[in-house]
Amino acid sequence: MADPRGFIKYGRRDKTIQPVQDRLHHHDEHYNYPSEEEVKTQAARCMDCGVPFCMSGCPLGNLIPEWNDLVYRGQWQQALKALHATNNFPEFTGRVCPAPCETSCVLGINEPPVNIKLHEVSIIDKAFEEGWIVPQPPVRRSGKTVAIIGGGPAGLACAQQLNRAGHQVTVYEKADRAGGLLMYGIPHYKLRKEKVQRRIDLLIEEGVNFHFNCEVGHDTPFAKIKKAHDAVVIATGAEEPRDLPVSGRDLDGIHFAMEFLPQQNRANWGDSDVAALHPKHQPINAKGKRVIVIGGGDTGSDCIGTSIRQGATSVINFELLGQPPLDRLESNPWPQWSRILRISSSMEEMQVMGGDVHYEIMTTRFIGSGRKVTGLETVKVDWSSGRPEKVAGSEKIWKCDLVLLAMGFLGPRPALIEQCGCVTDPRSNIKTDQKTRMSSVDGVFAAGDSRRGQSLVVWAISEGREVARCVDEYLTGAPSLLPKVRLETFVY
Ligand code: FAD
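Here the structure is a predicted model, which is why all the values come from computation and not from measurement.

Q: Honestly, the sheet that holds strand 7 (residues 254-256) in this entry has me stumped. Any pointers?
A: Paired through backbone hydrogen bonds, the strands of a sheet run either parallel or antiparallel to each other. With respect to topology, five strands assemble into an open sheet ordered 7-15-8-9-10, the strand pairing being parallel. Unpaired on one side and paired on the other, strand 7 and strand 10 (357-358) mark the two borders of the sheet. The sheet contact formed by strand 7 and strand 15 (residues 402-405) spans three bridges and is parallel. Residue pairing for strand 15: His 255 is matched across the bridge by Leu 404.

This is the structure we're talking about:
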């Protein structure tokens, strides 16, 4: 145990964030991390509980008390080993994970929880700075080949695990870079793209092959990929966006979030063709526009922050659901994930600009002048019956020049699913056996958002690791030496 009285002696101290007025002028990461000494002090707050609920709050089963203790003692290399034992990419989760581990921390029952995410990011950032992260190619090759379709966090974690088990892995990625939503969804200011590319470069050095600009099911038939490999893992994410099919939807200036966000991420790379991933190659920019973002969550929040940085004149956000409570409800006790109001950095920026989130509001039509959207009409909804009932007389017109739809995703794109013949579940995700992770097609597995629906980076890595273990067993016909993700104790 770090310091038996650490949780009494020290309060929680977080990383700090640049003031809104400073961070609005750039797209770079905007957090300042505390010194190494301060991080060690923070680690002293861990109580090394007999039952570490933080671990069961984490979809990866991260060995949290162990690395907290090692951080406190300044044993950073051992802490790195413990961190990598369960997580391939802690520099991603250390930045963008909502940290369900912290809402399960025992100290969190009556004090601010241990700063677990800070320790995670401090360990891995130090490891990269010190040059401790080096490629780990396998000693021997098994002679088996695996195709992974999709290079997001699920595909990349799976690739690293299977490659380390000696199998020859090829990632087929439809975009021109790997990383999935880490690269083209999540904005640079939450996760610098060089950090994503750094991991992909390491995977290449470890011996993983990447084929970019290769959309399986479209320009490359699935059957060709299946025939060429001993096993296939589908990790294509849940890219089908939920639409808002109301009158005026076809006006110019109404776009899905994932038509908009990749463009700024490409611009941050210095790409001249920012709209290359847009289906109609259409550039979208919020500069000088009144923006309305429909839908919340990470996607809505990222549209808000990106629009503001591009120079939108105003940004407001609509949410169909009601405002979450400020504190846990009795029906949502510790150590469950707390379903409470969270103000993201982007929401804070929007509020400083005079905008806000409008809850319990439904968009009923878009209004245009010529071909361009100039506004929309909403109505308040009442959820007391359990369904959204329109409130008579609450109709309102809002002016806008750009509407971004961030209302969630409905599962993987249908083209590949139709070609591969995998059975889907009632939510259109690929159905797999819970234990073997194999789909209804022999030798075809699934992981990440394409299997569990729209989720989190931490879940994608967890799924990638677990499917790799299952594929290894399928290929070798023997119990895998790859670690099992401990999900039995998960408390979500
Ligand atoms: P993806 O990341 O979607 O990757 C799938 C990959 O497959 C993509 O690279 C895609 O191009 C490729 N692909 C698709 N079809 C094909 C095909 N037919 N052939 C070849 N390649 C194909 N989670 C968090 O934890 N924290 C956050 O802050 C956060 N922010 C988010 C912000 C946005 C805007 C969005 C949309 C999601 C966010 N999420 C966040 C969720 C998280 O990013 C996803 O849960 C996670 O990336 C899923 O990983 P994945 O590998 O399953 O899929």
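Q: What is the right way to read the site of the ligand from this model?
A: Residues in close proximity to the ligand total 33 residues, the closest being Val 96, Glu 173, Lys 190, Val 216 and Asp 449. The separation between an oxygen atom of the ligand and a polar side-chain atom of Glu 173 is 2.6 Å. Between the ligand and Asp 449 there is a distance of 2.8 Å, counted from an oxygen atom to a backbone nitrogen or oxygen. Looking at the shell around the ligand, the elements with two or more residues in it are helix 10 (153-164), helix 15 (297-310) and helix 19 (457-476). Sort the elements by how many residues they give to the shell around the ligand and helix 15 lands first, with three residues. When we break the shell around the ligand down by domain, the ones giving at least three residues each are domain 2 (145-239 + 410-476) and domain 3 (243-407).

Q: Is there a simple way to explain the environment of Met 407 in this structure?
A: Structurally, the position occupied by Met 407 is in the loop between strand 15 and helix 17 (414-420). Met 407 sits 108 residues away from Thr 299 along the chain, and the two C-alpha atoms are 8.2 Å apart. Not counting residues up to four positions away in its chain, the partners in contact with Met 407 are Arg 242, Asp 243, Leu 244, Ile 294 and Gly 295.

Q: Would you mind showing me how to read the sheet that holds strand 16 (residues 444-446) here?
A: Taking strand neighbours across the sheet as the criterion, the five strands line up as 5-4-3-6-16 in an open arrangement whose pairing is parallel. Two strands in the sheet have a free side with no partner beyond their single neighbour: strand 5 (209-211) and strand 16. Along the sheet, successive strands turn relative to each other by an average axial angle of 20 degrees, direction set aside. Bridge analysis of strand 3 (residues 145-149) against strand 6 (residues 231-234) gives four bridges, and the strand direction is parallel. Paired with Val 146 across the two strands is Ala 231, which belongs to strand 6.

Q: Can you help me understand the side chain of Asn 317 in this one?
A: Residue placement: Asn 317 occurs in strand 9 (residues 314-318). Judged by relative accessible area, which is 4%, Asn 317 ranks as buried. Among the polar contacts listed, one links the side chain of Asn 317 to the backbone oxygen of Val 293, at a separation of 2.8 Å. With residues up to four places along the chain from it excluded, the contact list for Asn 317 reads Val 293, Gly 295, Gly 296, Ile 304, Met 350, Asp 356, Val 357 and His 358.

Q: Would you take a moment to explain the domain arrangement of the protein for this structure?
A: Bring the parts together and some accessible area is lost; that lost area is often taken as the interface size. The assigned domain composition of the protein is domain 1 (6-130), domain 2 (145-239 + 410-476) and domain 3 (243-407). Across the boundary between the two partners, domain 2 contributes 17 residues, which contact 17 residues of domain 3. Around 1,300 Å² of area is buried between domain 2 and domain 3 when both sides are counted, 52% of it from carbon and sulfur atoms. In terms of surface lost to domain 3, no three residues of domain 2 exceed Arg 177, Tyr 184 and Tyr 189, which account for 44% of the buried area on that side. The tally of links between domain 2 and domain 3 comes to four salt bridges.

What counts, and where the lines are drawn
- Residues numbered from 1 in each chain as written.
- Predicted model: local features only at pLDDT ≥ 70, side-chain atom pairs only at ≥ 80, totals over all residues.
- Heavy atoms only, no water.
- Pairing = 2+ DSSP bridges.
- Helix = DSSP H or I, 4+ residues; strand = E, 2+ residues; numbered from the N terminus.
- Near = heavy atom within 4 Å.
- Polar contact = N/O pair within 3.5 Å; in protein donor to acceptor, adjacent residues only side chain to side chain.
- Domains from an automatic or database assignment.
- Contact = heavy atoms within 4.5 Å.
- Axes fitted to C-alpha atoms, helices over the stretch in contact; angles between N-to-C directions.
- Buried < 20%, exposed > 50% of the residue type's maximum accessible area, 1.4 Å probe, protein only.
- Buried area = accessible area lost by both parts, 1.4 Å probe.
- Salt bridge = Lys/Arg side-chain N within 4 Å of Asp/Glu carboxyl O.

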